[in-house]
Amino acid sequence: MRFTAEDIDGHEVARREALYGPLAEAVRELVDATIRTEVDAAAVQEVEATVRAATARLRDRQIDGAFGVRYTEDGRIMPWGNVVIGLRNPIAPPLTVHRERDRCWSEFTLGAAYEGPPGHVHGGICALVLDHVLGSASSPEKPNFTGTLTLRYRRATPLGPLRAEARIDRVDGVKTYVVGALSDSDGVTVEAEGVFILPVWAREGSTTTPT
Ligand SMILES: CCCCCCCCCC(=O)SCCNC(=O)CCNC(=O)[C@H](O)C(C)(C)COP(=O)(O)OP(=O)(O)OC[C@H]1O[C@@H](n2cnc3c(N)ncnc32)[C@H](O)[C@@H]1OP(=O)(O)O
């Protein structure tokens, strides 16, 4: 498991955010446009060549494998490759998760890239978002892992503006039980319950390391 310390200060973090955030946002727009475009064949082929050239340019220099979770010496976490919140991940909507004591919530919009049933969010994407928001609520600091996630899809979730929220129900040793929901403007679409578990290597007195 890749947790990496980066010896950089707040200014450097901000510089990288300002550099890579707009790139990821531009690629999100590209994904949306790729799904929805109706331009002619020549224009599609021209854009394909442009995109392939842009990808090759970025690959001139790249890391091996995934981004991992990086952190600075002053404790700032940079989960920039994360599929839900990652600043550098165009697949991430991305969510900004807010916290207040034992509750977390996020308001966000899911567009054409997240479609399952026509005009509606894919059920796996609902699970993805709820897993992350419930997991965030389960612990402000420690890296809890999803042990069990149970969902009840009450009605289809329309693409568009949505809200996910979660709160701790109870804590039992290394297990934190969390409840939450995904909602649109008409109310709850998906209910969720999760058991989040502190992995062995993060437990008090553990001498094991993340694998
Ligand atoms: C940037 C910040 C982002 C924060 C939000 C992140 C949210 C997203 C979270 C994820 O997506 S994590 C990725 C998906 N999850 C995994 O890949 C987990 C894979 N499974 C594991 O790593 C281990 O199986 C797990 C850590 C879940 C448990 O293994 P352990 O060996 O640590 O469990 P252990 O045997 O010590 O059991 C501890 C307790 O948990 C219980 N338990 C174990 N596995 C369970 C399970 N799967 N479900 C429910 N309970 C479980 C077990 O019965 C026991 O209960 P008791 O204390 O009452 O005896």
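Analysis parameters
Residues numbered from 1 in each chain as written. Predicted model: local features only at pLDDT ≥ 70, side-chain atom pairs only at ≥ 80, totals over all residues. Heavy atoms only, no water. Near = heavy atom within 4 Å. Polar contact = N/O pair within 3.5 Å; in protein donor to acceptor, adjacent residues only side chain to side chain. Areas by Shrake-Rupley, 256 points an atom, 1.4 Å probe, with all protein chains shown as cover. Helix = DSSP H or I, 4+ residues; strand = E, 2+ residues; numbered from the N terminus. Nonpolar A, V, L, I, M, F, W, Y, C, P; charged D, E, K, R; others polar. Core = buried A, V, L, I, M, F, W, Y, C linked by side-chain atoms within 4.5 Å. Buried < 20%, exposed > 50% of the residue type's maximum accessible area, 1.4 Å probe, protein only. Contact = heavy atoms within 4.5 Å. Pairing = 2+ DSSP bridges. Domains from an automatic or database assignment. Salt bridge = Lys/Arg side-chain N within 4 Å of Asp/Glu carboxyl O. Phe/Tyr/Trp six-rings, centres within 6.5 Å; stacked < 30°, edge-to-face > 60°. Lys NZ or Arg CZ within 6 Å of the ring centre and 35° of its normal.

Trainee: Would you explain the site of the ligand in this entry?
Mentor: In the neighbourhood of the ligand, 13 residues make up the surrounding shell, with Asp131, Gly147, Thr148, Lys175 and Arg203 lying closest. In the model, an oxygen atom of the ligand is placed 3.0 Å from a nitrogen or oxygen of the aspartate 131 side chain. Here an oxygen atom of the ligand sits 2.6 Å away from a polar atom, N or O, in the side chain of lysine 175. Burial of the ligand by the protein chains amounts to 48% of its free accessible area of 1200 Å². Taken together, the elements giving at least two residues each to the shell around the ligand come down to helix H3 (123-138) and strand E6 (145-153). Among the residues making up the shell around the ligand, the classes are represented as four nonpolar, six polar and three charged.

Trainee: I would appreciate a short explanation of the nonpolar core in the present structure.
Mentor: Here is a general trend for soluble globular proteins: nonpolar side chains tend to be buried in one another's company. The biggest cluster of nonpolar side chains holds 22 residues, and the ones touching the most others in it are Phe108, Leu110, Val129, Val133, Leu134 and Leu182. Looking at this core, the elements with two or more residues in it are strand E5 (103-110), H3, strand E7 (160-172), strand E8 (175-184) and strand E9 (187-197). Non-local contacts of leucine 182, meaning those with residues more than four positions away in its chain, are made with Phe108, Cys126, Val129, Leu130, Thr157, Leu162, Arg163, Ala164, Gly187, Val188, Thr189 and Val190. Grouped together as the second largest cluster of nonpolar side chains are five residues, Ile8, Phe67, Met78 and Trp80 included.

Trainee: Help me understand the sheet that holds strand E1 (residues 3-6), please; the structure alone is not making it clear to me.
Mentor: Working definition: the strands of a sheet are paired by backbone hydrogen bonds and lie parallel or antiparallel to each other. On the basis of which strands lie adjacent, the open sheet formed by three strands has the order E1-E2-E3 and mixed pairing. This sheet does not close on itself; its edge strands, each paired only once, are E1 and strand E3 (77-78). Of the pairings in the sheet, the one linking E1 to strand E2 (residues 69-72) comprises four bridges and is parallel in character. Residue pairing for E2: glutamate 6 is matched across the bridge by threonine 72.

Trainee: Would you explain the domain arrangement of the protein in this entry?
Mentor: Many descriptions give the size of an interface as the accessible area lost when the pieces come together. Once the domains are mapped, the protein shows domain 1 (1-94) and domain 2 (96-202). Contacts between domain 1 and domain 2 engage 15 residues on the former and 11 residues on the latter. Along the contact surface separating domain 1 from domain 2 lie zero salt bridges. Here domain 1 and domain 2 share one residue pair in polar contact (both at pLDDT 80 or more) between them. A per-element tally of the side of domain 1 that touches domain 2 places helix H1 (residues 10-36) first, with four residues. Looking at the side of domain 1 that touches domain 2 residue by residue, the classes come out as 12 nonpolar, one polar and two charged.

Trainee: Please clarify how the packing of aromatic side chains should be interpreted in this entry.
Mentor: To describe a pair of aromatic rings, one takes the distance between the centres and the angle between the planes. Following the criterion strictly, the structure yields three aromatic pairs and no others. Taking 6.4 Å as the distance between ring centres and 90° as the angle between the ring planes, the aromatic pair formed by phenylalanine 145 and tryptophan 201 counts as edge-to-face. Within this pair, whereas phenylalanine 145 is found in strand E6, its partner tryptophan 201 is found in the segment after E9, the two being separated by 56 residues in sequence. In this structure an aromatic cluster arises from ring pairing among Phe3, Phe145 and Trp201. Directly above the ring of phenylalanine 67 sits arginine 70, whose terminal nitrogen or CZ lies 3.9 Å from the centroid.

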